[in-house]
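Each chain, letter by letter, is given below.
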Number of protein chains: 2
Amino acid sequence: MDAKKIVEKLESIGKDIVKQLELNQNPYLEIPERSLDNVYFDKETGLIKLGSKKQKRYYLNLSQAKKFMQTLLVASKIKWLLEEDKPSLSIRQLYYLLKHTIPGSKENTFDTQDETDPIVEDVEVMLDVLRENLRLIATPNGVLAGDLIVEDKTGDILDYTKMGSAGGAIPPIVEDEYFHIKEINVEYVLVIEKYAVWNVLNQQKFWKKNNCLIITGKGQPARAERRLIHRLAYEYNLPVYVFTDMDPWGYYIYSVYKQGSINLAFFSEKAGTPKAKFLGFQTADVKEFDMPQSSFIKMKDIDYKRIKEMKKYAWFQNKEWQKELTNLEKFGHKIEQDALVSKSIEFTAETYLPTKIENKMFLP
Amino acid sequence: MDAKKIVEKLESIGKDIVKQLELNQNPYLEIPERSLDNVYFDKETGLIKLGSKKQKRYYLNLSQAKKFMQTLLVASKIKWLLEEDKPSLSIRQLYYLLKHTIPGSKENTFDTQDETDPIVEDVEVMLDVLRENLRLIATPNGVLAGDLIVEDKTGDILDYTKMGSAGGAIPPIVEDEYFHIKEINVEYVLVIEKYAVWNVLNQQKFWKKNNCLIITGKGQPARAERRLIHRLAYEYNLPVYVFTDMDPWGYYIYSVYKQGSINLAFFSEKAGTPKAKFLGFQTADVKEFDMPQSSFIKMKDIDYKRIKEMKKYAWFQNKEWQKELTNLEKFGHKIEQDALVSKSIEFTAETYLPTKIENKMFLP
């Protein structure tokens, strides 16, 4: 949805409230619920989603009046940002923009960011758009390289085969209006958990030799990386392979790219990539690639505990992942993706990744 | 120092040890001490530095033999990396490369990264080069924009006026061999603590209108950002202005850019920028720019405690900073740089920064 349509939608919400007031009714906003009991894993799409429950937020209700007013303030400021074509802001900047003392009183519109953040999410789900469509950003962290040409909102043409040792920084908004993909000539997208591993593959021009995009989110990915990978998978029908550490934390990062997360269920629907495959590192690889003992890290209580938790998650309820989590428990050791250099510095690029990809040695 | 010279230096260290062995002497390595009591603030240069104390590490010494051997293993692996022109690695990858079980024994060369990290630093100071010259990297985080053209080690030409909404990612190594500055046409470098603030300035093309470079390290800067700013200040004689939050944490980030830090004293010598100036946000700005009450954040015990600590640091012992820290204590509130949007979204770019820079309203 573009800025103009969002403004129209916000206007119609405002007009609706005015109409209710004119009819002497008690005005309300209807907002999809973001509480945990309205979040579920949708087996059919493979995504963590919001359910259909909605809440009504009334004006004439002692416990809801302040929040009702705050919601309108946030909605109206967003409308203004879009109409005036203002720069994109962080949600902290939006908070400062909204916070003021109501004239003739000592009452603040908002006291802390804890009050604006949930309302921003309310407005997102009410409009069924992403925060980024409202020009509200989170700090991106990732970098990428490969045969991709983008026209940026600034008019700059970005060629990700020519971004040097640093790779191209992922911008805070990757929606088409900001990040228009003009050309893409790759066979797949390789998502790498850690920067150090991405960095070696970039220096070895893995993306060129294997005709792929290499992306890292530097650990737990930010919103922009997840959304960009989603776009690449669905708009360009590209396979996505995720390469992480062999430990519960790496496996969970994979699941965030794939199915999303509970806490950001609404975003997960739009940024998850259910068709992503897990490339490794996995327990079967230990024998397959003859990993030396020196690469094993003994698991601690916290690791075992995390595996137990993950075994219960709805999106790990297939036999392959149940088996993998059990195998990891039994093996009792973690292996980091960095540790592949103990075979050789070239091993990841020349042996491990090509073998895994050619033979489709993936977990679902 | 280039790779060839470093290899020569490493070779001469090795030859020296062989010679000592042939003479039936007890071989040793002489390494500048990195302990806290050999770190001092050098008033003349304005840098946190290593003193002149050195330690001798002997082969025939029960408590030093293992470390002696480990030092030679690290030095020899680095020599190999440079001679073979291998990709740059993280120090974690180097650890995996070095760790192995000594044949015929159950003894590992290294058991944890805690053993390799200090030895990498020993080798750095022994050779008087940066880790980056040894092709060992830390993950960079920063981005920049402005009239700068760089030839990257890959041969790519990077134009930082054409990096779109994302800006250009700072690469892990910014030494001339990797990041050769071909053209730079700016009047100053503006270092911004937070990404969100950098992001708005980038969208407003502040760097173009004001002919400067804008850089953010996203909070506490990584090595590459500090080193790049040092190079810009000294090789191109550019003024550097640092813009942070008005709180002890922001002031400390400034001091890290300027004088460096105790823990990385050796790096500070080579990456500090003593001529950097503190642009703000500072207590005098509150009145000067008529900041609204809604932007004040009440200080907590932890903030007061940090101010007290900082007042004692040797590099905060000038009257301007002692006064500023006292003023902050008295004011009892922090103000974030993000909060300037509460004046207007344009205020930072159109009023605050130009006023401060034109009138040289800086702290030393």
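Residues numbered from 1 in each chain as written. Chains lettered and ligands numbered in written order. Predicted model: local features only at pLDDT ≥ 70, side-chain atom pairs only at ≥ 80, totals over all residues. Heavy atoms only, no water.

Visitor: Where do I start with the domain arrangement of chain A in this structure?
Guide: The figure often quoted for interface size is the accessible area lost as the parts come together. All names here are of chain A. Domain annotation of chain A identifies domain 1 (3-137) and domain 2 (143-358). A straight line from the C-alpha centre of domain 1 to that of domain 2 covers 33 Å. Carbon and sulfur atoms supply 66% of the area that domain 1 and domain 2 bury against each other, a total of about 2,000 Å² over both sides. Looking at the side of domain 1 facing domain 2, the largest losses of area belong to Ile48, Leu130 and Glu132, adding up to 33% of the total buried there. Across the domain 1-domain 2 interface, the total number found is five salt bridges. Taking the shortest distance from any N to any O, the salt bridge between Lys270 and Asp128 comes out at 2.8 Å. (Domains from an automatic or database assignment. Buried area = accessible area lost by both parts, 1.4 Å probe. Salt bridge = Lys/Arg side-chain N within 4 Å of Asp/Glu carboxyl O.)

Visitor: Please clarify how the sheet that holds strand 11 (residues 179-184) of chain B should be interpreted in this entry.
Guide: What holds strands together in a sheet is hydrogen bonding between their backbones, with the strands either parallel or antiparallel. Residue and element names in this part refer to chain B. Sheet architecture is open: three strands sit in the order 9-8-11, paired in antiparallel fashion. Two strands in the sheet have a free side with no partner beyond their single neighbour: strand 9 (157-159) and strand 11. Adjacent strand axes in the sheet meet at a mean angle of 25 degrees, parallel and antiparallel pairs treated alike. As paired strands, strand 8 (residues 148-152) and strand 11 are joined by five bridges and run antiparallel to one another. What sits directly across from Ile149, in strand 11, is Glu183. (Pairing = 2+ DSSP bridges. Helix = DSSP H or I, 4+ residues; strand = E, 2+ residues; numbered from the N terminus. Axes fitted to C-alpha atoms, helices over the stretch in contact; angles between N-to-C directions.)

Visitor: Explanation requested: the packing of helix 3 (residues 91-98) of chain B against helix 4 (residues 113-127) of chain B in the structure shown.
Guide: Residues and elements named next belong to chain B. One can describe the packing of helix 3 onto helix 4 by two numbers: an axis separation of 9 Å at closest approach and a directional angle of 115 degrees. With respect to each other, helix 3 and helix 4 are oriented roughly perpendicular. Read as a crossing pair, helix 3 and helix 4 show a hand that is right-handed. Within the contact between the two elements, helix 3 uses Ile91, Arg92, Leu94, Tyr95 and Leu98 and helix 4 uses Gln113, Thr116, Asp117 and Val120. (Parallel < 35°, antiparallel > 145°, perpendicular 65-115°, else oblique. Left-handed = near helix turned anticlockwise from the far one by under 90°. Contact = heavy atoms within 4.5 Å.)

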